[in-house]
Amino acid sequence: METSHHSKQGIDIVDLTALRSENPDHWFKAAAIRALALDAIAAANSGHTGMPLGMADVATVLFERHLKFDAKNPNWIDRDRFILSAGHGSMLLYALLYLSGDEQITLDEIKNFRQMGARTAGHPENFLADAIETTTGPLGQGIANAVGFAMAEESLRARYGRKLIDHHTYVIAGDGCLMEGASQEAIALAGRHQLGRLVVLWDDNNITIDGEVSLADKTDQLMRFKASGWHVQAVDGHNPAEIDAAIAAAKRTRKPSLIACKTHIALGHAAQDTSKGHGALTDAEQLAAAKAAYGWEHGAFEIPADIKSQWEAIGSRGEAARLEWEERLAAATPRRQEDLRRIFAGEPPRRLKRAIQEVKKEASETQPKHATRKSSELVLAAVNPVMPETIGGSADLTGSNNTNAGDMGVFLPESRKGRYVHYGIREHGMAAAMNGMALHGGVRPYGGTFMCFTDYARPAMRLAALMKIPSVFVMTHDSIGLGEDGPTHQPVEHLAISRATPNTKVFRPADTVETAEAWEIALQKTDGPSVLSLTRQGLPTVRTEHRRTNLSERGAYVLAEADWKRSITLIASGSEVHVALAAREQLQKLSLGTRVVSMPCMELFAEQDDKYRRRVLPGNDVRIAIEAGTQQGWDRWLFGERGHHKKGAFIGMDSFGASAPAGELFEHFGITVDAVVEKAKTFFK
């Protein structure tokens, strides 16, 4: 589209008529998207109309001429992935799915856009329909997820060959996606790793909610992407021939590709090219005028049979490719077929349990004094060789997080079989890419940084929880125990933040045995992320007797029982469990029978039945919780569950830390054996 199409009032009817006449078949397929978006958003009186109207041409060309998919089989392993990073424009995606014949996104779902119980939520949610690859809405997350999708594809193609894995990841992103800081982390990663199967279609409409992009930004996006190692092109986003040629060129390059699609937000509507066009356009007269401008003469939610048939042909076009792929899979060895099925089902290999048992047994017998980050490294050294789907990494803290173990090799353009990613100082980009890998399927991502820097990864960690995907976040240096780096690096509130996040399991293991058990649980989970909170400082082994049972699986358990009539229960996690055990010894000498409960995972303990929880935390005892973090989250176990506010206490942090050696810090903040004993004695005066 030339600039002559612009006017102060927007595009006039003559220009739209010209666009229709130039490519009538394309135009009316795209107009079907626009009409459904207008109708659904008007019916809901809520939504974002402008992007679906502006990007309908780009999406139509992509789906009709390039996207490899079978609408009736949305989970086909070797399909192309389509990610709507600009998730506010969700009606674009829903319209595409309905029109192409997706069985879950029906016309009734379109009519129920943004209503309770509908699959067509305000922003795309991956767990509501199989064809929705990821949950987007927080801008920048989709493009950052896409990097992980593309990395997973590269890794699996290197492992299984192009006959079984050979597909692209396409993204529609908006100005907001590119402004978010996560996008820079993502595009830098993609450029470094030459992810040539990644194609980003940028809705370059120069409009945000506040007004024109120039109000807040003057970045030359093409030069920005080019500087990061991308192949870049610019096209008229309403010219199907240009769009088609650009996507074809993007598929030929070995670099990730950005296609800047110059579009008009809310094309053909009275709000075109204005910030108002971003939101819900519900005025009935303006809606009718827009449809008239499109030449669309049909009622609300009405799609003519010939146009629906054309779209359904697009949706079934990939059936032949899928059937050919299934033939190639059937020709593979039975072992390879089963391996591919297993990894995409998220099932761990049978050898995992044995590997974990060996680590546990050796630790109980030799009783090392390891930091749990080191314990984690020992577990990974045993797990990674038997679980080839793991892809590990770190945000430039490999030597501190201890995440590279088991001879994984480094993932690079020249070594796609490598399974360790150096993410650089990009916690947000790392976490979002991990989510993309988990969503792609076939790989098990984990990545590390300092626990305090969950702050940088938090948006992606939250979305992992919302999507219930099994990303594993390895967070080391988990308390004031990290010492001299001081309060900027010492997490205090971070355990509580992670524990407050639904669908998240937070593990704070006390020794190598519990660390092995935590990893075993995390690597078998398919219903949400895991956070491993690991120490910098060495800890004594507290599980000195080998047991095959995974005790951590129940969240909390009795580690040491009172020698006589019990009157105190000490509850602790991680580095404070050995403090509780030492305090127990002193309290027993004072004739105060004391039980110690290790609680590596509050969330798992909360899931146990009342009978088990009652057995671990019976009534009447004095309860003291010990953890080098804030009290938030502990009150349930201290004062609920048959506890009482007059018989409970917390020993931990109520302020930020300080810069000093770890031992001095624990003394200074009163997280010591003596402090526990003195606190317990106050209940028996």
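Residues numbered from 1 in each chain as written. Predicted model: local features only at pLDDT ≥ 70, side-chain atom pairs only at ≥ 80, totals over all residues. Heavy atoms only, no water.

Asker: Can you help me understand the sheet that holds strand β17 (residues 622-626) in this one?
Answerer: By way of backbone hydrogen bonds, the strands of a sheet pair with one another, either parallel or antiparallel. What the five strands build is an open sheet, ordered β14-β16-β15-β17-β18; its pairing is mixed. The open sheet has two edge strands with one neighbour each: β14 (557-560) and β18 (648-651). The mean angle between the axes of side-by-side strands here comes to 30°, regardless of whether they run parallel or antiparallel. Of the pairings in the sheet, the one linking strand β15 (residues 566-572) to strand β16 (residues 593-598) comprises six bridges and is parallel in character. Its bridge partner lying in β16, Arg566 is registered against Gly593. (Pairing = 2+ DSSP bridges. Helix = DSSP H or I, 4+ residues; strand = E, 2+ residues; numbered from the N terminus. Axes fitted to C-alpha atoms, helices over the stretch in contact; angles between N-to-C directions.)

Asker: Sorry, what's going on with the pairing of strand β11 (residues 472-476) here?
Answerer: The side chains of a regular strand alternate between both faces of the sheet. A large share of β11 lies buried, amounting to five of its five residues. The alternating pattern of β11 places Val472, Val474 and Thr476 and Phe473 and Met475 on opposite faces, both of which are buried. In terms of strand pairing, strand β10 (residues 444-450) meets β11 through five bridges, oriented parallel. Directly across from Tyr446, in β11, lies its bridge partner Val472. A crossover links β10 with its parallel partner β11, the connecting element being helix α19 (residues 454-467), and its sense is right-handed. The pairing of β11 with strand β13 (residues 530-533) spans four bridges and is classified as parallel. Of the residues in β13, the one forming a bridge with Val472 is Ser530. (Buried < 20%, exposed > 50% of the residue type's maximum accessible area, 1.4 Å probe, protein only. Right-handed = clockwise from strand over helix to strand, strands pointing away.)

Asker: Would you take a moment to explain the nonpolar core for this structure?
Answerer: Across soluble globular proteins, you tend to see nonpolar side chains buried next to one another. Ranked by size, the top nonpolar core spans 132 residues in total, and within it Met91 and Leu198 carry the most contacts. With 12 residues, the single largest contributor to this core is helix α2 (residues 24-44). Apart from residues lying up to four places away in sequence, Leu198 is in contact with Ala146, Val147, Ala150, Thr169, Val171, Ala190, Trp230, Pro256 and Ser257. One finds Ile568, Val577, Ile624 and Ile626 within the second-largest nonpolar core, a separate group that totals 30 residues. (Core = buried A, V, L, I, M, F, W, Y, C linked by side-chain atoms within 4.5 Å. Contact = heavy atoms within 4.5 Å.)

Asker: Looking at this structure, how should I read the pattern of salt bridges?
Answerer: Two side chains that carry opposite charge are able to pair once their charged atoms sit near each other. A complete count under the given rule lists 43 salt bridges for this structure. Notably, a salt bridge pairs Lys291 with Asp39, separated by 2.7 Å at the nearest N-O pair. Of this pair, Lys291 sits in helix α11 (residues 284-294) while Asp39 sits in helix α2; the two residues are 252 residues apart in sequence, bridging distant segments of the chain. Taken as a pair, Lys291 and Asp39 share a single burial class, namely buried. The residue Arg584 makes a salt bridge to Asp563 at a minimum N-O spacing of 3.2 Å. Taken as a pair, Arg584 in helix α22 (residues 577-589) and Asp563 in the loop between β14 and β15 lie far apart in primary sequence, 21 residues in all. Residue classification places Arg584 among the buried residues on the basis of a relative accessible area of 8%. Members of the salt-bridge network, linked through shared partners, are Glu153, Glu154, Arg157, Arg162, Asp166, Arg197 and Arg416. (Salt bridge = Lys/Arg side-chain N within 4 Å of Asp/Glu carboxyl O.)

Asker: What's the story with the environment of Thr526 in this structure? I'm lost.
Answerer: The residue Thr526 is located in the loop between α21 (512-522) and β13 in this model. Overall, Thr526 belongs to the partly exposed group, its relative accessible area being 45%. As for Thr526 and Ala345, which are separated by 181 residues in sequence, their C-alpha atoms are 9.0 Å apart. For Thr526, the contacting residues outside a window of four places in its chain are Ala345, Gly346, Arg444, Lys468 and Pro470.

Asker: Before we go on, may I ask you to explain the packing of aromatic side chains in this structure?
Answerer: Geometrically, a pair of aromatic rings is defined through the distance of the ring centres and the angle of the planes. By the definition in use, this model includes 11 aromatic pairs. A centroid spacing of 5.3 Å and a plane angle of 85° characterise the contact between Phe63 and Phe82, whose relative ring orientation is edge-to-face. Placement of the pair is Phe63 in helix α3 (residues 50-65) and Phe82 in strand β1 (residues 81-84), with a sequence separation of 19 residues. In this structure Phe63 comes out as buried when scored by relative accessible area, which is 2%. With a relative accessible area of 8%, Phe82 lands in the buried category. The ring of Tyr294 has Arg34 lying over it, and the distance from NZ or CZ to the ring centre is 5.8 Å. Here Lys308 stacks its cationic end above the ring of Tyr98, 4.6 Å away from the centre of that ring. (Phe/Tyr/Trp six-rings, centres within 6.5 Å; stacked < 30°, edge-to-face > 60°. Lys NZ or Arg CZ within 6 Å of the ring centre and 35° of its normal.)

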